[in-house]
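Residue-level listing of the chains:
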Amino acid sequence: MKTDLNLLLECLKYQMDCPLSQKEALITIYSICQQNSEASEYLREIGGLMFINDLAKSSAHCIVKEAALFTLGIIIESNVYCQQTLCTSALFEDLILFLIKKDSGVNLKRMSVYVILALVSNNKNGQSCVRDTGCISLLLQLFRTTLCTPEKNVSDENSDPCYQLWCSVCSTLCACVNNPQNEDNQNICCSVFPHAKEWLESCTEPEIVRPICSFLGLTVANNSYVQKYFASIGGLDTLAKVLLELMHDSCLSHSSMKLAVVVAKTLDACIANNSAMGVVLAKYHTVSELLKLLSNETLSTGEKISIILTIGHCTEVCEENQCELLQNNGLPLMIQVLTESQDEELIKAATFVLQNCKQMTEQLSLKLCDNSVNVNNAEELDVQVRNRCLQDYWKKAKEILHRINSIEKQHNEERVQGEIFIDESSAANSSEALKSHEVKPVDPKKYKEGTQKVVCCPQLTSKLNNQVLAPSLTSAPQKNETVNTMDAASTRQTEQRNIPRSVTELQTDSVPQSCTAGGLSLNSKTFTRMLQRCLHRCEHHRVILDAEERYRGELRRGNEMYSLAMSTRPLNKRRVRKDFTTEEINCLLKGVQKMGNHWNLILWSYPFQKGRTSVDLSKKYYRLQVQPFPSRSRAVPERCRSAGSRGRWRSQDGARRAGRGRGCPGTA
């Protein structure tokens, strides 16, 4: 890549008399820079960037100038360091000369505007330079004069160089005022608003409306002064009329519908910081047209967000637009968007519109309550008729407000949703609470007699005693049974008067009346047995028993699986002991002589048996050092040495020492 760039620069230097060769070299340079981001940086380091700049100024051939300016624009877009290097007042002045010369062709002006666009895009210094050098004023002049009439060759925009130059000027002006936002340039660019307004009134072709709307939207964005100026010259009226005309054509043309969305975005930018200007749009029924546009199913999510935000800014302050939203069923549409959409930005936009309508409904309902009917008889009838109409109207509005509040409440509940689960421990705790708060009866004898009698009517007894007593084997006359039953009922009533309210409620809630079995005290241990013995089971307790049986079954299956897994679990096997062979011992001793006590190196350098570790080598070596004659014991396995052999070696050793002491020649 570097070699190619050096050769291409040499070609540019030595081919001054051949403009076609220079043009081909420049085209090759910008193609290399497009494919490789490092090529632009290298070209700047070797001075090729400034050489191409000088070539654009000094060349006498128009095609070389155009190719050089286009190459500069490509390099500036691909590398920010090249942009900062060329962003100077001198370069802007040179570009101004290209634009004001009479002999400059349209293509040369287009390339000059393209370089200006590359210099000011995402560059605050470039925006300042284009303003300080007066280049922005020249661009505004080109915006006014490039196209004599907006209808000129609009249908053939791809082949008309003047239209292409005008579009480039519009794009450059947009970059001068936005990203980052530059209020000074916005205030300067608003001078062409009357001209843009005239073009919008005379032509609704997409090729003209789209660039103008983009320029207007970025120029008025977040600038209250420019927004007020645009409204004062009738710009909002013009945009509202263009929207109406496009909406009439949108039923027949898909492009008109897309262009209507662009106009709606521009309207939103014009009133975003000053919602009071939305009153101007009320007379054109802009809200109803936007609702029609929003109901189109072919819109994307971003386009829907733009339309809903425009509706929200229109209805934020203006009551007429709010009433129009209600009359055209705008609230149900917003509620539908809020409930069916999954996009967070779209939900926020719909919530913004609903919040505006909520505030409006509350304010007007208060005004309606404060109205007095102190008028003359002649005017009273008219006022009453109006009030009736308003009451009916605001009754519907209050219903919609109630619906909005319910939806908001539902969304809040979904965020903080929690479920309360009641398990067997809660039932046990409630039974223990009943047992701790149990009160003795007033007359034990009567209580005992009443409980031992046979109950002929369980339903009556359950109503009186809140329990169904278990049938007894004893029998008595019917008269005595009823008397004892009444005595027991009176006894229980006196008991329940002394019991606190919370305990009685707990008693009735924890154990149903038809599921109480006699003979067992209710606690956590006897709860299951009581339910199993009970003759009158309710659905609630049947569910508890079924759940308990399923839980026990799962526990049994879990224990079986655990025992099966433990039975099939492989046992840890100990490593098989392997004795050192003679070759291994020799390798170990050689390795220690060469490498010292680096056991890992020795293990990797010599062919030991599989499974041998560095710890095995170190232990074996130290055992060999402890032995008295390692030369004899090398070939003998360690575990084959017996006590007798060690004793024999000790006796031989003693004999040698004795021979040395006597002066034997054989031991010298």
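What you are looking at is a predicted structure, and each value in this text was computed from that prediction instead of being measured. (Residues numbered from 1 in each chain as written. Predicted model: local features only at pLDDT ≥ 70, side-chain atom pairs only at ≥ 80, totals over all residues. Heavy atoms only, no water.)

Undergrad: Explain unusual backbone geometry here, please?
TA: Peptide bonds are trans in most cases, and residues, glycine excluded, mostly fall at negative phi. Across the junction of N179 and P180, the peptide omega takes the value 0 degrees, indicating a cis bond. Tracing the sequence through the fold places P180 in the loop between helix 11 (161-177) and helix 12 (183-189). The backbone of N122 sits at a positive phi, close to 55 degrees, despite the residue not being glycine. As for its placement among the helices and strands, N122 is situated in the loop between helix 8 (106-120) and helix 9 (124-132). Residues other than glycine seldom take positive phi values, yet N222 does so here, at roughly 55 degrees. Its location among the elements puts N222 in the loop between helix 14 (206-220) and helix 15 (224-232). (Helix = DSSP H or I, 4+ residues; strand = E, 2+ residues; numbered from the N terminus.)

Undergrad: Help me understand the packing of helix 7 (residues 89-100) against helix 8 in this model?
TA: A packed helix pair is summarised by two numbers, namely the angle formed by the two axes and the spacing between the axes. Close contact between helix 7 and helix 8 brings their axes to 9 Å; oriented N to C, the two are set at 155 degrees. What the angle tells us is that helix 7 and helix 8 run roughly antiparallel. The way helix 7 lies across helix 8 gives a crossing that is left-handed. Taken together, the residues of helix 8 that come into contact with helix 7 (itself represented by L91, F92, L95, F98 and L99) are L108, K109, S112, V113, V115, I116, L119 and V120. Grouping the amino acids of the contact of helix 7 with helix 8 by side-chain chemistry returns 11 nonpolar, one polar and one charged. (Axes fitted to C-alpha atoms, helices over the stretch in contact; angles between N-to-C directions. Parallel < 35°, antiparallel > 145°, perpendicular 65-115°, else oblique. Left-handed = near helix turned anticlockwise from the far one by under 90°. Contact = heavy atoms within 4.5 Å. Nonpolar A, V, L, I, M, F, W, Y, C, P; charged D, E, K, R; others polar.)

Undergrad: What's the story with the environment of P161 in this structure? I'm lost.
TA: With respect to the element layout, P161 can be found in helix 11. Residue P161 is classed as partly exposed on the basis of its relative accessible area, which comes to 31%. For the pair P161 and N107, spaced 54 residues apart in the sequence, the C-alpha separation amounts to 7.2 Å. Residues within four places of P161 in sequence aside, it is in contact with V106 and R110. (Buried < 20%, exposed > 50% of the residue type's maximum accessible area, 1.4 Å probe, protein only.)

Undergrad: Would you explain the packing of aromatic side chains in this entry?
TA: Given two aromatic rings, their pairing is described by the distance between the two centres and the angle made by the two planes. Per the counting criterion, the structure on display carries 13 aromatic pairs. Relative to F215, the ring of F193 has its centre 6.4 Å away and its plane inclined at 75 degrees; by these criteria the two rings are edge-to-face. Here F215 lies in helix 14 and F193 lies in helix 13 (residues 193-202), a separation of 22 residues in the sequence. Across this residue pair, the class does not change: F193 and F215 are buried. Each ring, one from W599 and one from Y621, has its centre 5.8 Å from the other, and the planes form 50 degrees; the classification is tilted. Residue W599 is found in helix 32 (residues 599-605), and its partner Y621 is found in helix 33 (residues 614-626); the two are separated by 22 residues along the sequence. Y621 carries the same exposure label as W599, and that label is buried. Feature note: the residues F143, Y163, W166, F193, W199, F215, Y229 and F230 constitute an aromatic cluster, connected by ring pairs. The positively charged end of K13 is found above the aromatic ring belonging to F51, 5.8 Å away from the centroid. (Phe/Tyr/Trp six-rings, centres within 6.5 Å; stacked < 30°, edge-to-face > 60°. Lys NZ or Arg CZ within 6 Å of the ring centre and 35° of its normal.)

Undergrad: Can you help me understand the pattern of salt bridges in this one?
TA: Side chains that differ in charge, positive against negative, can pair when their charged atoms come close. Applying the stated criterion across every chain, the model contains 10 salt bridges. When the shortest N-O distance is used, the salt bridge between K57 and D94 registers 3.5 Å. One end of the pair, K57, is in helix 4 (residues 48-58); the other, D94, is in helix 7, with 37 residues separating them in the sequence. You can call K57 partly exposed: its relative accessible area is 39%. The shortest N-O distance in the salt bridge between D237 and K283 comes to 3.5 Å. (Salt bridge = Lys/Arg side-chain N within 4 Å of Asp/Glu carboxyl O.)

Undergrad: Looking at this model, I keep getting lost on the confidence of the model for the chain. Mind explaining?
TA: For any part of a model where pLDDT is low, the fine detail of the predicted coordinates should not be relied upon. With 68% of its residues at a pLDDT of 70 or more, the chain has an overall mean of 75. Helix 31 (residues 582-595) holds the highest mean pLDDT among the elements of the chain, 93, whereas helix 26 (residues 458-465) holds the lowest, 36. Across residues 372-376, confidence stays below pLDDT 50; counting only partners more than four residues off in sequence or on other chains, it has two contacts. Segment residues 629-652: pLDDT under 50, and 17 contacts once partners within four positions in sequence are set aside and those in other chains are kept. (pLDDT = per-residue confidence, 0-100.)

Undergrad: So what exactly am I meant to see when it comes to helix 1 (residues 2-14) here?
TA: Helical geometry: 3.6 residues make up each α-helical turn, so side chains three or four residues apart lie on a common side. Look at helix 1: 19 Å from first C-alpha to last across 13 residues, which is about the 18 Å you get at 1.5 Å a residue. Those residues of helix 1 not exposed but buried are L5, L8, L9 and L12. The arc that holds the buried residues of helix 1, viewed along the axis, is 100 degrees, so those residues lie on one side. Opposite the buried face of helix 1, by more than 90 degrees, sit the exposed residues T3, L7 and Y14. (Expected span 1.5 Å × (residues − 1). Arc of directions from axis to C-beta.)

Undergrad: So what exactly am I meant to see when it comes to the environment of R110 here?
TA: Structurally, R110 can be placed in helix 8. R110 gets classed as partly exposed once you look at its relative accessible area, which sits at 23%. Along the sequence, R110 and C167 sit 57 residues apart, while their C-alpha atoms lie 9.6 Å from each other. Those residues in contact with R110 that lie beyond four places of it in its chain are P161, Q164, L165 and S168.

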